[in-house]
Amino acid sequence: MTQDEMKKAVAKAAIEYVVDDAVIGVGTGSTANQFIDCLAEIKTRIRGAVASSEETRRRLVAKGVPVFDLNEGHDIPVYIDGADEFDRNLCLVKGGGGAMTREKIIAAVAKKFVCIADASKKVAVLGQFPLPIEVIPMARSYVAREMVKLGGDPVYREGFVTDNGNIILDIHNLEIAEPVKLENIINNIVGVVTVGLFAKRGADIVLMGHQEGIEVIRP
């Protein structure tokens, strides 16, 4: 299978985890978009969805899936989203699309987090993909200096503004041997909204697509 075919395969497999008559969380990105296409085919089985980004909200609405605000108090039995990287403990790096803050909020609320990814996203140690951090604009330089102290090489994602009105720093050359520890350290830097490390609340299941089919990975 090609990478695109793997994404389609895991998106289709994730439908098995959709809970009938419920509001489900839906992520952002190319693999999540494949899932939305599959979800549209069974939209009458669910009450609707909570979207992790404006892009996802627009795509769901276009497919005829009702979209709810998380503040309406719906139970979220499952959240389905992709990842930029994951390790053997199902800690993730997310935020290539810049939506990690809302993604992290929905993941925190959801009872189960199902990550869908192709085999290229599995790594021995996180950090090969630049680690995104959402930052309050006036804190950009300060946070960048703090990340240099941690051994990273921060790069401002020019021309990009998050759905929350903030900016993104992509941190290169970090080897993330202790994801939970680093997540806590970065989230405690003044001016950081959130970091794209999903370690304290990682995935419960990863559906990984590879040449032979779909592998279900649990921590």
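Now for a description of the structure that goes with this document. (Residues numbered from 1 in each chain as written. Predicted model: local features only at pLDDT ≥ 70, side-chain atom pairs only at ≥ 80, totals over all residues. Heavy atoms only, no water.)

**Thoughts on the overall build of the protein**
Looking only at helices and strands, the protein features six helices and 13 strands. A compact globule built from 219 residues should have a C-alpha radius of gyration of about 17 Å, and the protein, at 17 Å, falls within 12% of that. With respect to the three principal axes, the spread of C-alpha positions in the protein is 50 × 40 × 30 Å. For the protein, the exposed surface amounts to about 10,000 Å²; the carbon and sulfur share of it is 49%. Between the averaged position of the 26 positive side-chain charges in the protein and that of its 30 negative side-chain charges there is a distance of 2 Å. (Helix = DSSP H or I, 4+ residues; strand = E, 2+ residues; numbered from the N terminus. Rg over C-alpha atoms; globule rule 2.2 N^0.38 Å. Areas by Shrake-Rupley, 256 points an atom, 1.4 Å probe, with all protein chains shown as cover. Lys, Arg positive; Asp, Glu negative; His and termini not counted. Charge placed at Lys NZ, Arg CZ, Asp CG, Glu CD.)

**A look at the pattern of salt bridges**
Within the structure shown, the criterion is met by 13 salt bridges. In this structure, the salt-bridge partner of arginine 102 is glutamate 54, at a minimum N-O distance of 3.3 Å. One end of the pair, arginine 102, is in helix α4 (residues 100-109); the other, glutamate 54, is in helix α3 (residues 54-62), and 48 residues separate them in sequence. A salt bridge links arginine 157 to aspartate 170; its shortest N-O distance comes to 2.7 Å. One end of the pair, arginine 157, is in the loop between β8 (153-156) and β9 (167-172); the other, aspartate 170, is in strand β9, with 13 residues separating them in the sequence. (Salt bridge = Lys/Arg side-chain N within 4 Å of Asp/Glu carboxyl O.)

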